[in-house]
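Survey of secondary and tertiary structure
What follows is the residue order along each chain.
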Amino acid sequence: MISEVLQLILVWVGIYTVVNISLNVEYGYTGIPNFGRHFAVLMGAIAVGGILNRVLMKLLGVSGDLITGTTDLVSRADDLFAAHPVYGIAYLVVSLALAFTLGAVMGALFILPSSRLREDYLGMTLLAMAEVTFLITYYTPSIMGGYYGTSVPDPLAFLSGDSREWTFIGITTLLALLVYLLSERLLNTPFGRLLRAHRENETVVLAFGRNLMGIRINASIIGSGIAALAGVLYGFHALNLISSSFSRVEWTFYPFLMLLLGGRGNNRGIILGTAIFVTLKVLIETYKFQISSLLHLPFEPVWLEYILFGIMALLILYYRPEGLIKEGMIKTEPLKKREAGQ
Amino acid sequence: MGVFEGALTYANLLALLALGLTLTYITTAVPNFAHGSFAVIGSYLAYTLLAAYGVNPYLAVIPAFIVGGLIGTVVYQLTIKPLIRKGASVDMLMMATLAIDIILYGILGAYSDFLSEAFKRNASKFVFTNIDFTVGSVPGRVFVSTALVIGTLIGLYVLLYKTKFGIALRASMENPALAEAMGIDVEKTRLFSWFLAAALAGMVGAVLPFLQETVPGTGGFIIVSVFAASIVGGLRNIAGGLIGGYIIGFSESMVTYGLSDVLGTGVLVYGKVVSLLIMVAVLLLMPEGVTGTKLWRRLVG
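Residues numbered from 1 in each chain as written. Chains lettered and ligands numbered in written order. Predicted model: local features only at pLDDT ≥ 70, side-chain atom pairs only at ≥ 80, totals over all residues.

Across its full length, chain B holds 12 helices and 2 strands. Along its sequence from the N terminus, chain B presents helices and strands in the succession α-α-α-α-β-β-α-α-α-α-α-α-α-α. In terms of overall size, chain B behaves like a compact globule, its C-alpha atoms giving a radius of gyration of 19 Å where 301 residues would be expected to give roughly 19 Å. Each of the 301 residues in chain B was classed as buried or not, and the buried ones make up 53%. Restricting to contacts in chain B with at least 6 residues of sequence separation, those with at least 24 account for 75%. (Helix = DSSP H or I, 4+ residues; strand = E, 2+ residues; numbered from the N terminus. Rg over C-alpha atoms; globule rule 2.2 N^0.38 Å. Buried ≥ 20, exposed ≤ 12 C-beta atoms within 10 Å, placed from the backbone. Contact = placed C-beta atoms within 7 Å.)

Quick look at the structure:
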């Protein structure tokens, strides 16, 4: 039991760290209030459930469409990956690469109509576009199974039980770490400082002859590409993709909450925020029946979860808008040298 | 129900919602992401009155207006006002309204579970369409929704142009800083705009189930159309909400009905694509919306 809870916490910390850092690139660094984060995560899911599932069906000669053929596809692919782990690993790598590409391209298109706008318009437009994409994917089963859902093959089918779980946790954590290091690196370049300058004062950026639209589109490409990776990780965690899982609450509101909790513009704080939030969420979900009977709730405990996390967001906004760990100075080379010298 | 009647009903309701959203945007400078959920509060109030006392939902319009307004006031006092006092930025305020939306969604969901248990009937989704009255072959919701728009317009006209408070309200919508310098209590006008916007939304909510199935998450679904309507109409002008509401409402319903012949029912969602496309076109061609164009200014004077 404890081991299962721990596994869930670690998997979700990994997945959410990837999403939250992607949001940090867009919102934390660049100041784009992307209230449509679930769009890019959904793109990652489509890359696996919609595109790669079809490719695998062709390759393995599975008949039927995405919904009728999914069981057959998964059993054949799992057999193949169990016999040849190399194919499984290749499948994982291709999934991640494809998701990143799709996320990045769609992210660029996603922000294009609103890239000239002020932040409030930007937030509204991004939310509206993501929400409509979510609804279309849900009501159109031919994209990735819609409300029926579709299963995905397990790239780690050569492992089973606990060793599969721990290996997957290892991969997720490794990817999260990689995303963390890359985004830290990104911030320490002239481009990263440009992103922060854009957040602080757009007029100054313009005065220095930089292109605002270009900055926003680039930030969205990077952010959406990274967020799409989380869609893949989630897919291989759940091994089943139902479009309704990619809701605004789970993939936009919660990431914003974790970002706020940890500290905007600060990746280390965000990891801390993610760990705290995920632990709370997993504990609530694991013990929901106990909570429900203890408090005599006349309703599903999930509603209580929404209310609690909503209130938590408001409290953070009011009492600690800078988060647990405040954003620090950018560690440039001269600064590092001076610190080392002292 | 004819295509036109359905489209008119939807457009009427959407116009009232967009009017409220624009009103709070002008006074508080934040797009309220929870505006759709304010409407669903009205829907559940009407449902409760119907299930418990057999009250016709059309009569519930009045209590829905009052309760919606009170909740809007409380929400503003407890969340938005303290944040504005602390000098929160626009994106912080947007996030606050997003959080409010989640809280309201949670409360509505919990309440619907509670209702289902209390009345032994499924309250997680419901319609009022089957209890609507008809005049000739025209369903009552067409008349009621039109009457609500006309009533709101008359009320707004009297309020804005015939009362002292209305003049103060208009002044603080035009130029909050100048209005404040003239001794107008901008705080009061903000509070009032949240009351009115939420009250109108609650009122719309009581009628909405006559038109479409309502669930606790309906607010998150309808907000897309409301945003599209407000942006198309122009967020700087209170008339923009109305105009955008009719443009989006009619085009969304017309296309949905047109497509349902080809694709069958359940195409409601594709109507949203139309709203989105119109919104994107407007953002690219006239970012200030219809009421922000030169042509509009010339027409209105």
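Attention now goes to the overall build of chain A. Counting its secondary structure elements, chain A contains 15 helices and 2 strands. Relative to the 2.2 N^0.38 estimate, which gives 20 Å for 342 residues, the radius of gyration of chain A is 21 Å and therefore close to what a compact globule would have. In chain A, buried positions account for 48% of the 342 residues. The long-range fraction of contacts in chain A, counting pairs at least 24 apart against all pairs at least 6 apart in sequence, stands at 79%.

Of all hydrophobic cores here, the largest spans 200 residues; its most connected members are Val18 and Leu229 of chain A. By residue number, the principal contributor to this core is helix H4 (residues 90-119) of chain B, which donates 16 residues. Contacts of Val18 of chain A, omitting those with residues within four sequence positions, involve Leu175, Ala176, Val179, Ile226, Leu229, Ala230 and Leu233 of chain A. (Core = buried A, V, L, I, M, F, W, Y, C linked by C-beta atoms within 7 Å.)

Once that is clear, we can look at the packing of helix H2 (residues 37-60) of chain A against helix H4 (residues 85-111) of chain A. Residue and element names in this part refer to chain A. Running from amino to carboxyl end, H2 crosses H4 at an angle of 130°, the nearest separation of the two axes being 8 Å. The angle between the axes of H2 and H4 places the two elements in the oblique class. Between H2 and H4 lies a crossing whose hand is right-handed. Contacts between H2 and H4 involve Phe39, Ala40, Met43, Gly44, Ile46, Ala47, Val48, Ile51 and Leu52 on the former and, on the latter, Ser95, Leu98, Ala99, Leu102, Gly103, Met106, Gly107 and Phe110. Considering only residue class, the contact of H2 with H4 consists of 13 nonpolar, 4 polar and no charged. (Axes fitted to C-alpha atoms, helices over the stretch in contact; angles between N-to-C directions. Parallel < 35°, antiparallel > 145°, perpendicular 65-115°, else oblique. Left-handed = near helix turned anticlockwise from the far one by under 90°. Nonpolar A, V, L, I, M, F, W, Y, C, P; charged D, E, K, R; others polar.)

All right, on to the environment of Met213 of chain A then. Residues and elements named next belong to chain A. For Met213, the position within the fold is in helix H10 (residues 212-238). The exposed category is assigned to Met213, around which 11 C-beta atoms lie within 10 Å. Along the backbone, Met213 and Thr286 are 73 residues apart, and their C-alpha atoms lie at a distance of 44 Å. Apart from residues lying up to four places away in sequence, Met213 is in contact with Ser115 and Arg116.

Let us look at the interface of chain B and chain A. If you look at the interface, chain B gives 41 residues, while chain A gives 37 residues. Looking at the side of chain B that touches chain A, the element that brings in the most residues is H4 of chain B, giving 19 residues. Partitioning the side of chain B that touches chain A into residue classes produces 31 nonpolar, 5 polar and 5 charged.

Right, let's talk about unusual backbone geometry for a bit. Even without a glycine there, the phi angle at Leu239 of chain A is positive, about 60°. Among the structural elements, Leu239 of chain A can be located in the loop between H10 and strand E2 (240-241). Classification of Leu239 of chain A as partly exposed rests on a count of 13 C-beta atoms within 10 Å. The backbone of Ala29 of chain B sits at a positive phi, close to 60°, despite the residue not being glycine. Mapped onto the elements, Ala29 of chain B comes out in the loop between helix H1 (3-28) and helix H2 (35-53). Taking the C-beta count within 10 Å as the criterion, Ala29 of chain B has 14 such neighbours and is therefore assigned partly exposed.

All names here are of chain B. Viewed as axis vectors pointing N to C, H1 and helix H5 (residues 140-162) meet at an angle of 30°, and their least axial separation amounts to 9 Å. Considering the angle they form, H1 stands roughly parallel to H5. The handedness of the crossing between H1 and H5 comes out as left-handed. Note on element contacts: H5 touches H1 through Arg141, Val142, Ser145, Thr146, Leu148, Val149 and Thr152, opposite Glu5, Leu8, Thr9, Asn12, Leu13, Ala15 and Leu16.

Another aspect to go through is the confidence of the model for chain B. In the predicted model, chain B carries a mean pLDDT of 90, and 96% of its residues have values of at least 70. Both confidence scores are given for the complex: pTM 0.93, ipTM 0.91. (pLDDT = per-residue confidence, 0-100.)

All names here are of chain B. Structurally, the position occupied by Ala281 is in helix H11 (residues 268-285). The exposure class of Ala281 is exposed, given the 12 C-beta atoms found within 10 Å. In this structure the C-alpha to C-alpha distance between Ala281 and Val232, which are 49 residues apart in sequence, comes to 9.0 Å.

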